[in-house]
Amino acid sequence: MVQWQSLIYFGLLGISSLVHAQYRNSTQVGSSNCPGYRIIEIQNQGDSIHSKLSLRDQPCNQYGKDVKDIVLDVSYDNSRLRVKISDAEHKHWEVPANLWTPDINYRSKISINQLLEFSYVQNPFSFSVKRKNTGEVIFDTAGHRLVFEDQYLELSSTLPDDANIYGLGEVVDTFRRNPTNTTQTMWARDAADPVRENVYGIHPFYIELRGGKAHGVQILNSYGMDVFLANQSITYKAIGGVLDFSFYPGPDAYEVINQYTATVGRPHQIAYWSLGFHQCKYGYVDIDEVESVVRNYSLAKIPLETMWTDIDYMDMFKDFTLDPINYPLDRVQKFISKLHQDNQKYVVIIDPAIGRNESYPAWIEGVEQDVFIKNPDGSIYIGQVWPGYTAFPDWFASNTDSWWTTQIARFMKDVPVDGLWIDMNEPSSFCTGSCGSNRTGIPPYPWLDPNYKPDIPQTFPEPPYAIHNAYGNLSVKTVSTDALHQNGLTEYQVHNLYGHMEAIATRKSLLSIEPKKRPFVLGRSTFSGSGAYEGHWTGDNWSTWELLKYSISGVLSFQMFGIPYVGADICGFNGNTTEELCLRWIQLGSLYPFSRNHNGKGSIGQELYLWESVAEASRKALYTRYELLPYMYTLFQHAHEIGYPVWRPLPFEFPNDSEMLNNDVQFLVGPGILVSPVLAEGATSVDVQIPEGKWYDFYSWESVSGPTKQTVSAPLNGRIPLHLRGGHIITTQEPSITLTQSRKNPFGLLVALDEMDSAKGDLYLDDGESLQVGKEYSSIFYRATSRGINSNGYFGYQSNGMLKNITILGLKKQPSKVVVNGRLLSTSQFSYDTDKATFIITQLNISMDKSFNVAF
């Protein structure tokens with residue numbers, strides 16, 4: 001959370017823009033006279049290769065000194081083909097393996113070494129990766145430069161013309177990346193969601209679709225990097241580290257994501273309550289205002305599961321404190337107690353930066369335990385964030401995790417929050433480089449004073465190759481690149497890992513406090529594998545129609561990256577929303593995996609009850625969400641187990657349909673629900689692309705066969721257009737104002753038959769909060785035909801739930817009788833609509849904790 005709006009940051013915006021423009025003109029591959037490498041020795045051990053390579057000729061030293069001797073290591077594991085090119089002396093920093101939590105139980109249905117083949121050319125060295133069964137080359141460096149210098153690495157691969165590339169984030173852009181003109185910079189940056197620039201997270205992973213098949217490519221490197229798509233190629237240019245590639249064969253996009261998350265870490269298992277609706281604002285001045293917001297949601301009968309507060313609750317913006325005037329401890333404790341009595345939750349923000357204050361325990365203990373990042377001279381590195389001059393926890397330091405846990409535990413003992421929101425962790429700092437080692441007190445806020453400049457010498461350590469960081473110099477608005485970590489690493493080497501490592505530490509802390517409970521952590525700066533530890537929101541977006549549209553591709557991208565619990569700030573964070581925009585946003589945002597309304601200080605209020613039209617739209621949308629939560633919770637369990645996305649991109653679901661490859665204005669929730677939101681001001685209808693197959697309008701149950709296009713009415717007082725996909729069974733539950741109550745309500749089955757008169761679905765049930773479920777869960781499978789429905793599976797969790805209604809869509813013939821578990825139902829319990837071919841069975845009262853059979 002930072003609200004920059006249109007202010008000039010430190011007077012550097014003009015300089016950064018100039019440098020940025022110069023950078024934008026330097027995207028060519030570079031000089032062709034670099035000699036490349038040749039293999040001088042090779043060792044084959046089964047499927048693994050270890051080779052020594054040496055420069056073929058005189059070094060070009062384009063951006064530093066060429067490394068004379070490098071090594072190639074090729075290996076297969078359960079989920080990937082790994083190709084790593086590193087320096088022979090191992091002086092280049094590599095991301096440590098313990099920052100990932102791979103799924104050691106994953107086994108590909110077909111061994112990776114039977115799916116992918118690695119081949120090479122000895123002199124000049126190049127390599128390719130191809131599919132064994134077809135010979136299709138999916139990565140080929142032949143004809144491209146390989147440069148390996150002390151501060152510059154370069155490698156390229158040929159791509160097909162007009163390649164279908166998805167991923168390479170974090171970025172605000174279309175879901176399919178422009179294959180002829182994309183520059184994606186990997187440098188974590190606090191920026192309010194600009195379009196097509198580097199922002200908070202680092203995910204150098206892409207999925208490519210070719211001829212209906214998919215493969216994935218990832219590079220693991222924590223240094224700054226540019227990735228270019230142009231000239232029928234993809235080019236990586238990194239300012240250090242190694243070239244550590246992983247190739248995932250698929251063959252479909254979902255299996256690629258399965259293989260990727262098996263490598264970097266499966267998405268964490270979420271708590272059921274986190275799927276409810278959340279409310280926040282930067283600018284709730286006191287606890288009275290927070291209480292009134294909760295009360296007004298209740299009066300408006302709009303579901304509110306979790307209330308949040310931004311930095312307003314802190315004493316002078318210091319972590320682990322409460323403002324004694326506006327958020328006194330006794331009032332906050334009573335507020336949390338009332339929330340918990342009403343089955344609601346409370347989440348607060350914390351930032352990594354710790355205020356320099358000699359009476360502040362977090363600072364005092366941090367200094368004593370030596371947990372902060374240092375200057376090159378060994379003094380504590382001082383930046384500037386909300387509390388003023390600050391220090392930054394060094395997540396590589398040996399004492400930092402225990403110190404962090406102590407601070408969180410002490411705070412939560414007094415303030416029993418239900419989760420933590422970790423922000424500003426790129427890390428963000430308002431000084432340009434170091435603020436100076438002796439700075440104390442609270443400085444003037446530069447974001448309010450465009451003429452403010454720190455009165456210290458400015459040094460900006462920069463690499464010879466300037467990546468396309470949109471701020472220009474890499475030390476702008478963050479910790480300086482020459483800052484030191486305890487293990488001797490510089491921020492230059494590990495900057496992109498900061499938010500990821502804070503998420504690991506925060507999850508560990510919460511687990512030490514509540515070891516049997518699923519932690520809730522939401523973070524801004526992420527890295528490959530962060531989904532194992534936290535969810536994500538897409539940052540400080542704007543209240544514009546453009547950002548409403550881009551939120552879809554943002555959520556879809558993070559499904560790829562293994563962080564399915566993600567959403568954008570509903571109604572927008574920066575600027576003022578409008579009634580119409582907020583209404584359309586909640587219609588879409590009610591289906592975000594993480595659904596939260598949040599806006600900035602100084603913006604008009606946008607709580608959903610403030611406009612009656614928005615309130616009514618919110619009740620409709622959120623009650624639909626709550627009705628669908630058994631289905632969505634099951635999707636999250638699949639994500640946790642095999643990585644499959646909760647939101648599914650149409651290109652991934654229909655890779656052979658060319659009209660779907662660019663479609664990022666529609667999406668699927670799971671495999672069974674097509675969503676077609678209104679994304680344009682003044683629109684009262686939506687042009688909907690109906691994919692192949694049989695579909696049913698979610699509200700009217702009218703059927704339509706695809707592929708086709710329809711214009712669907714979507715008035716402001718209506719609902720977001722949804723279609724059910726034939727062949728799928730959706731488990732629903734009667735919604736209530738809180739999820740505790742909803743989970744006690746009866747279930748329903750919505751059965752959408754396909755052209756073959758069949759459908760299937762599944763349901764996962766557990767208590768929604770225990771970290772170690774053991775055998776106390778249920779995994780239920782449903783199958784339907786034109787003659788009946790049955791369920792079976794594993795029933796280890798006693799939900800005490802009852803199945804009340806079954807609705808079958810597309811049933812061509814009216815049944816004359818219904819038999820449930822051998823018992824004949826009364827004719828008053830079922831009805832048939834001939835026009836819509838819809839059959840409804842009511843008043844069933846079948847236990848959800850046992851198998852059943854319904855025949856008709």
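This text goes with the structure placed above it.
Residues numbered from 1 in each chain as written. Predicted model: local features only at pLDDT ≥ 70, side-chain atom pairs only at ≥ 80, totals over all residues. Heavy atoms only, no water.

Engineer: Any details on the overall build of the protein chain? Residues and values, ideally.
Structural biologist: Counting secondary structure elements, the protein chain contains 14 helices and 49 strands. Expected size for 856 residues packed as a compact globule is a radius of gyration near 29 Å; at 27 Å, the protein chain falls within 12% of this value. Projected onto the principal axes, the alpha-carbon positions of the protein chain cover approximately 85 × 70 × 50 Å. Counting only residues that meet the buried cut, the protein chain has 63% of its 856 residues in that class. Long-range contacts, defined here as pairs at least 24 residues apart, represent 71% of the contacts in the protein chain between residues at least 6 apart. With an accessible surface of roughly 30,200 Å², the protein chain has 49% of that area assigned to carbon and sulfur atoms. A distance of 6 Å separates the average location of the 70 positive side-chain charges in the protein chain from that of its 92 negative side-chain charges. (Helix = DSSP H or I, 4+ residues; strand = E, 2+ residues; numbered from the N terminus. Rg over C-alpha atoms; globule rule 2.2 N^0.38 Å. Buried < 20%, exposed > 50% of the residue type's maximum accessible area, 1.4 Å probe, protein only. Contact = heavy atoms within 4.5 Å. Areas by Shrake-Rupley, 256 points an atom, 1.4 Å probe, with all protein chains shown as cover. Lys, Arg positive; Asp, Glu negative; His and termini not counted. Charge placed at Lys NZ, Arg CZ, Asp CG, Glu CD.)

Engineer: Quick rundown of the state of the cysteines? Include the residues and the values.
Structural biologist: For the structure shown, the criterion picks out three disulfides. The partner cysteine of Cys 431 in its disulfide is Cys 435, sulfur to sulfur 1.8 Å. Looking down the S-S bond of the Cys 431 and Cys 435 bridge, the torsion is 115 degrees, so its handedness is right-handed. The exposure classification of Cys 431 matches that of Cys 435, with both residues buried. The disulfide that involves Cys 571 links it to Cys 582, with 2.1 Å between the sulfurs. (Disulfide = S-S within 2.5 Å.)

Engineer: So, the nonpolar core: which residues are in play, and what are the values?
Structural biologist: In terms of nonpolar packing, the biggest core is built from 252 residues, with Phe 139, Trp 647 and Ile 841 touching the most fellow members. A per-element tally of this core places helix α12 (residues 612–642) first, with twelve residues. Among residues more than four places away in sequence, those in contact with Phe 139 are Phe 127, Ser 128, Val 129, Leu 155, Ser 157, Tyr 206, Val 217, Ile 234, Tyr 236, Phe 245 and Phe 247. (Core = buried A, V, L, I, M, F, W, Y, C linked by side-chain atoms within 4.5 Å.)

Engineer: Kindly report on the sheet that holds strand β3 (residues 69–76), identifying the contributing residues and their values.
Structural biologist: As summarised here, the arrangement of the nine strands in space is β1-β2-β3-β4-β17-β14-β13-β10-β11, forming an open sheet in which the pairing is antiparallel. Edge positions in the sheet fall to β1 (37–45) and β11 (176–177), since each of these pairs with one other strand and no more. Relative to β11, strand β10 (residues 164–169) runs antiparallel, the two sharing two bridges. Looking at the pairing, Ile 165 lines up with Arg 177 of β11. Against the sheet, helix α10 (residues 545–560) engages β10 and β13 (203–210), with an angle of about 95 degrees to β13. (Pairing = 2+ DSSP bridges. Axes fitted to C-alpha atoms, helices over the stretch in contact; angles between N-to-C directions.)

Engineer: Could you give an account of unusual backbone geometry, with specific residues and numbers?
Structural biologist: The step from Gly 169 to Glu 170 runs through a cis peptide bond, and the omega angle for that step is 10 degrees. Structurally, Glu 170 is set in the loop between β10 and β11. Between Gly 250 and the following residue, Pro 251, the backbone shows a cis peptide bond with an omega angle of 20 degrees. Assignment of secondary structure puts Pro 251 in the loop between β17 (243–248) and α3 (253–264). The phi angle at Asn 231 is positive, at roughly 55 degrees, despite the residue not being glycine. Relative to the helices and strands, Asn 231 resides in the loop between β15 (225–230) and β16 (233–238). According to the relative accessible area criterion, Asn 231 is exposed, its value standing at 71%.

Engineer: Tell me what's going on with the pairing of strand β7 (residues 137–140), and back it up with residues and numbers.
Structural biologist: Taken together, the three bridges between strand β6 (residues 126–131) and β7 define a ladder with antiparallel strand orientation. If you follow Lys 130 over to β7, its bridge partner there is Val 137. In this antiparallel pair of consecutive strands, β6 and β7, the connection spans five residues, and Gly 135 shows a positive phi of 80 degrees.

Engineer: Hey, could you go over the pairing of β13 for me, with residue numbers and the actual values?
Structural biologist: Counting buried positions along β13 yields eight of eight residues, so the element is predominantly enclosed. A two-sided burial pattern is seen for β13, the buried positions comprising His 203, Phe 205, Ile 207 and Leu 209 on one face and Pro 204, Tyr 206, Glu 208 and Arg 210 on the other. The pairing of β10 with β13 spans five bridges and is antiparallel. Across the sheet, residue Gly 167 finds its bridge partner in β13, namely Tyr 206. In this antiparallel pair of consecutive strands, β13 and strand β14 (residues 213–219), the connection spans two residues, and Gly 211 shows a positive phi of 55 degrees.

Engineer: Now, about the packing of helix α7 (residues 400–414) against helix α9 (residues 498–513): what can you tell me, with residues and values included?
Structural biologist: Remark: α7 packs on α9, axes separated minimally by 9 Å, with the N-to-C direction vectors making an angle of 50 degrees. In terms of orientation, α7 and α9 fall into the oblique class. Between α7 and α9 lies a crossing of right-handed hand. Contact residues: Asp 401, Trp 404, Thr 405, Ile 408, Ala 409 and Met 412 in α7; Glu 502, Ala 505, Thr 506, Lys 508, Ser 509, Leu 510, Ser 512 and Ile 513 in α9. Tallied by class, residues from the contact of α7 with α9 come to seven nonpolar, four polar and three charged. (Parallel < 35°, antiparallel > 145°, perpendicular 65-115°, else oblique. Left-handed = near helix turned anticlockwise from the far one by under 90°. Nonpolar A, V, L, I, M, F, W, Y, C, P; charged D, E, K, R; others polar.)

Engineer: Summarise the packing of aromatic side chains; cite the residues concerned and give the values.
Structural biologist: Per the stated rule, a full pass over the model turns up 56 aromatic pairs. Taken together, a centroid distance of 5.3 Å and an interplanar angle of 80 degrees make the contact between Phe 558 and Phe 561 edge-to-face. The burial state of Phe 558 is the same as that of Phe 561; both residues are buried. Aromatic ring contacts, followed pair by pair, group Tyr 313, Phe 320, Trp 363, Phe 372, Trp 395, Trp 403, Trp 404, Phe 411 and Tyr 498 into a single cluster. Sitting over the ring of Trp 421, Arg 596 keeps its end group 4.5 Å from the ring centre. Arg 648 extends its terminal NZ or CZ atom over the ring of Tyr 254, reaching a point 4.8 Å from the ring centre. (Phe/Tyr/Trp six-rings, centres within 6.5 Å; stacked < 30°, edge-to-face > 60°. Lys NZ or Arg CZ within 6 Å of the ring centre and 35° of its normal.)

Engineer: Before we move on, could you go through the pattern of salt bridges and cite the residues and values that matter?
Structural biologist: Applying the stated criterion across every chain yields a total of 34 salt bridges. Glu 208 is the salt-bridge partner of Arg 210, the closest N and O atoms lying 2.5 Å from each other. On the accessibility criterion, Arg 210 (13% relative accessible area) is buried. Of the charged contacts, one joins Asp 664 and Lys 549 as a salt bridge, the two residues approaching to 3.9 Å between their closest N and O atoms. Placement of Asp 664 in the loop between α13 (650–653) and β33 (667–669) and of Lys 549 in helix α10 is noted, with a sequence separation of 115 residues between them. Residue Asp 664 is classed as buried on the basis of its relative accessible area, which comes to 7%. The network of salt bridges with common partners includes Asp 190, Asp 423, Glu 426, Lys 477, Arg 524 and Asp 540. (Salt bridge = Lys/Arg side-chain N within 4 Å of Asp/Glu carboxyl O.)

Engineer: Account for empty space enclosed by the protein, with residues named and values stated.
Structural biologist: Under the definition given, this model contains eight cavities of 30 Å³ or more. By volume, the largest cavity is sized at about 190 Å³. Residue lining of the largest cavity: 23 residues in total, with Val 171, Val 172, Thr 538, Tyr 550 and Gly 554 positioned closest to the centre. Where the lining of the largest cavity is concerned, the elements lending two or more residues are β10 and α10. The element that contributes the greatest number of residues to the lining of the largest cavity is α10, accounting for seven residues. Tallied by class, residues from the lining of the largest cavity come to ten nonpolar, nine polar and four charged. For the second largest cavity, the calculated volume is near 80 Å³. Among the elements that take part in the lining of the second largest cavity, α12 stands out by supplying four residues, more than any other. A breakdown of the residues in the lining of the second largest cavity according to their chemical character gives six nonpolar, four polar and two charged. (1 Å grid on protein atoms, 1.4 Å probe; cavity = no way out; pocket = protein on both sides within 12 Å on 5 of 7 lines; lining within 4 Å. Points joined across faces, edges and corners; volume = space filled by probe spheres on them.)

Engineer: Outline the side chain of His 268, supporting the account with residue identities and numerical values.
Structural biologist: Inspection of the secondary structure puts His 268 in the loop between α3 and β18 (278–281). Residue classification places His 268 among the buried positions, given a relative accessible area of 11%. Side-chain polar atoms of His 268 contact the backbone oxygen of Gly 531, separated by 2.9 Å. For His 268, the residues in contact, after removing those within four places along its chain, are Arg 507, Gly 531, Ala 532, Tyr 533, Glu 534, Gly 535 and His 640. (Polar contact = N/O pair within 3.5 Å; in protein donor to acceptor, adjacent residues only side chain to side chain.)

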